[in-house]
Amino acid sequence: MIETIDKTLNMLETGQKARVIQVRGGGSSRKRLLDMGMVPGTVLSVTKKAPLGDPVDFKLKGYNLSLRKTEAEAVVVEVLED
């Protein structure tokens, strides 16, 4: 069963899976996130999280991506629970 709870990427724990719902913000930072694959509908998982939560590593579309905590706060996701 899939449970949906809207969160931002920085709220996820290691091992959790989520689907991108929206990328907030504007300008070059939003465009950069979209260019890196953070487009609505993309499924990703959290692979690593630094002890203080910055940066966070994600696996999406066959590659790993590290984001700063502030960048991760701009991406709204739907948590996927098995």
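What you see is a predicted model, and the numbers here were worked out from it, not measured in a lab.

**Comments concerning the side chain of threonine 8**
Within the fold, threonine 8 resides in strand 1 (residues 6–8). At 2.4 Å, the side chain of threonine 8 forms a polar contact with the side chain of asparagine 10. In this view, threonine 8 contacts Arg24, Ala72, Glu73, Val75, Val76 and Val77; residues no more than four positions away in its chain are not counted.

**As for the nonpolar core**
If you look at the biggest cluster of nonpolar residues, it comprises 20 residues, and the most contacted ones within it are Leu9, Leu12, Leu33, Met38, Leu44, Phe58 and Leu67. Contributing elements (two or more residues each) for this core: strand 2 (17–23), strand 3 (43–49), strand 4 (56–60), strand 5 (63–67) and strand 6 (75–80). Dropping the residues within four chain positions of it, leucine 9 is found in contact with Met38, Leu44, Phe58, Leu67, Ala72, Val75 and Val77.

**Some remarks on the UniProt feature "domain: Ferrous iron transporter FeoA-like" (unreviewed entry) in the protein chain**
UniProt records the feature "domain: Ferrous iron transporter FeoA-like" (unreviewed entry) at residues 7–79, using the numbering of this structure. Across residues 7–79, helical content stands at 18% and strand content at 42%; the span's end C-alpha atoms are separated by 7 Å.

Thresholds applied
- Residues numbered from 1 in each chain as written.
- Predicted model: local features only at pLDDT ≥ 70, side-chain atom pairs only at ≥ 80, totals over all residues.
- Heavy atoms only, no water.
- Helix = DSSP H or I, 4+ residues; strand = E, 2+ residues; numbered from the N terminus.
- Polar contact = N/O pair within 3.5 Å; in protein donor to acceptor, adjacent residues only side chain to side chain.
- Contact = heavy atoms within 4.5 Å.
- Core = buried A, V, L, I, M, F, W, Y, C linked by side-chain atoms within 4.5 Å.
- Buried < 20%, exposed > 50% of the residue type's maximum accessible area, 1.4 Å probe, protein only.
- UniProt positions renumbered as here; feature names shortened; annotations may be inferred.

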